[in-house]
Amino acid sequence: MNLRLLTVLILAALALALTACGGGKRDAAAPGDDLARVKQSGVLRVGVKSDTPPFGFKRGETLAGFDIDIADALVQQMGLKDVTFVPVTSANRLAKLQAGEVDCVIASMTITRTRAREVDFTIPYFQDGQALLVKGDSAIQSYLDLGAKKVGAVKGSTSSANMKQVAPEAQIVAFDSFVALLAGLESGKVEAITSDQLILQALAQSAKTKDLRIAGDRFSTEPYGIAVRKNQSRLRGALDEAVQGIWENGRWQLIFDTWFGPRAKFHTSSTFSITPYPR
């Protein structure tokens, strides 16, 4: 064998080895099938709020709330064995999902086109709208009265962006949590706080200051969806199917009545409905 032929063969072998190694790296980096893994383990890991009544909050050592009950119902509907709840916040819920710490997020999260560039959403499973909470003696009756006043909002929520649309002169003050948000209003650091109305109602009920009130009507539409990682259409499809299933079998309505019905602590009227796809 001459030297030139030997050199060509060595280079060809090296190229083949490098291609194989590169292919292995691509396979390792490619996202797996989250639904297959969930079915194999029988457990769905769900990111939920732990400080946001009535959707997710601590009741003693356990978690309770509308989103918690929805997650439990979906797990049963999907035929899984169990659910693991992982506390998240508005600010870190997408990061935890993308890092693979949870399989999905059910955490009073509004479906937006901006967020849909990062994650995928199921069909809406609930809907609320943004509002304002103020002290009882405040002159603020709606967002039209805000002017350049300071308004508190939680980091990572849609509230700040919406506020800039309806009250562009208002000064937005960002808080890390809903506990801090409420404290900001009670201490006078801000003159109003904004979030979805049902969350504000729950904050008012838990406040030390008992003369808080909702100022005006809802001024946005906030459809809540379940977030999954990008390119996980099988898991998203299974969750879509389960959401429709708990609507059809009446479980969704039972959960709604528990938290928001006429005798519930967080009573509210709602025209939200789910239209199941034809079978």
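Treat the numbers as computed from the prediction; the structure is a model and nothing was measured.

Draft legend 1. Here's a closer look at the sheet that holds strand 9 (residues 130–135). The five strands are arranged 11-10-12-9-13 in an open sheet whose pairing can be described as mixed. Where the open sheet ends on each side, the last strands, each with one partner, are strand 11 (171–175) and strand 13 (212–214). Each neighbouring strand pair of the sheet contributes to a mean axis angle of 30°, computed without reference to strand direction. Pairing of strand 9 with strand 12 (residues 192–196) involves four bridges; the strand directions are antiparallel. Looking at strand 12, one finds that Gln 130 is bridged to Asp 196. Across the sheet, helix 7 (residues 197–206) lies against strand 9, strand 12 and strand 13, angled at about 125° from strand 12, the strand it touches most.

Draft legend 2. The arrangement of empty space enclosed by the protein in detail. In the structure shown here, the tally under the stated rule is two cavities of 30 Å³ or more. Roughly 90 Å³ of internal volume is contained in the largest cavity. Across the lining of the largest cavity, the residue classes tally to three nonpolar, seven polar and five charged. Lining the second largest cavity, in full, are Lys 49, Asp 51, Thr 52, Thr 89, Ser 90, Val 154, Asp 176, Ser 177 and Phe 178. Residue classes in the lining of the second largest cavity are distributed as two nonpolar, four polar and three charged.

Draft legend 3. Local environment of the pairing of strand 1 (residues 43–49). Most of strand 1 sits out of view: five of its seven residues are buried. Bridge count for strand 1 against strand 5 (residues 82–88) is seven bridges, and the pairing is parallel. Residue pairing in the sheet places Val 48 in a bridge with Pro 87 of strand 5. Here strand 1 pairs with strand 6 (residues 104–105) via two bridges, running parallel. In the sheet register, Val 46 faces strand 6, and the bridge partner there is Cys 104.

Draft legend 4. Region of the structure containing the packing of aromatic side chains. What the rule picks out here adds up to 20 aromatic pairs. Here Tyr 125 and Tyr 224 contribute two aromatic rings whose centre-to-centre distance is 6.4 Å and whose plane-to-plane angle is 55°, an arrangement assigned as tilted. Here Tyr 224 lies in strand 14 (residues 222–224) and Tyr 125 lies in the loop between strand 7 (119–121) and strand 8 (126–128), a separation of 99 residues in the sequence. The pair formed by Tyr 125 and Tyr 224 is uniform in burial state, with each residue classed as buried. Among the aromatic residues, those joined into a cluster by ring pairs are Phe 55, Phe 66, Tyr 125, Phe 126, Tyr 224, Trp 247, Trp 252, Phe 256, Phe 260 and Phe 272.

Draft legend 5. A look at the nonpolar core. Counting 59 residues, the largest nonpolar core has Phe 66, Leu 74, Tyr 125, Phe 126, Leu 203, Leu 239 and Phe 260 as the members making the most contacts within it. Ranked by residues supplied to this core, first place goes to helix 3 (residues 66–77) with seven residues. When sequence neighbours within four positions are dropped, the list of residues in contact with Leu 239 reads Leu 44, Leu 74, Met 78, Cys 104, Thr 122, Ile 226 and Val 228.

Conventions and cut-offs
- Residues numbered from 1 in each chain as written.
- Predicted model: local features only at pLDDT ≥ 70, side-chain atom pairs only at ≥ 80, totals over all residues.
- Heavy atoms only, no water.
- Pairing = 2+ DSSP bridges.
- Helix = DSSP H or I, 4+ residues; strand = E, 2+ residues; numbered from the N terminus.
- Axes fitted to C-alpha atoms, helices over the stretch in contact; angles between N-to-C directions.
- Contact = heavy atoms within 4.5 Å.
- 1 Å grid on protein atoms, 1.4 Å probe; cavity = no way out; pocket = protein on both sides within 12 Å on 5 of 7 lines; lining within 4 Å.
- Points joined across faces, edges and corners; volume = space filled by probe spheres on them.
- Nonpolar A, V, L, I, M, F, W, Y, C, P; charged D, E, K, R; others polar.
- Buried < 20%, exposed > 50% of the residue type's maximum accessible area, 1.4 Å probe, protein only.
- Phe/Tyr/Trp six-rings, centres within 6.5 Å; stacked < 30°, edge-to-face > 60°.
- Core = buried A, V, L, I, M, F, W, Y, C linked by side-chain atoms within 4.5 Å.

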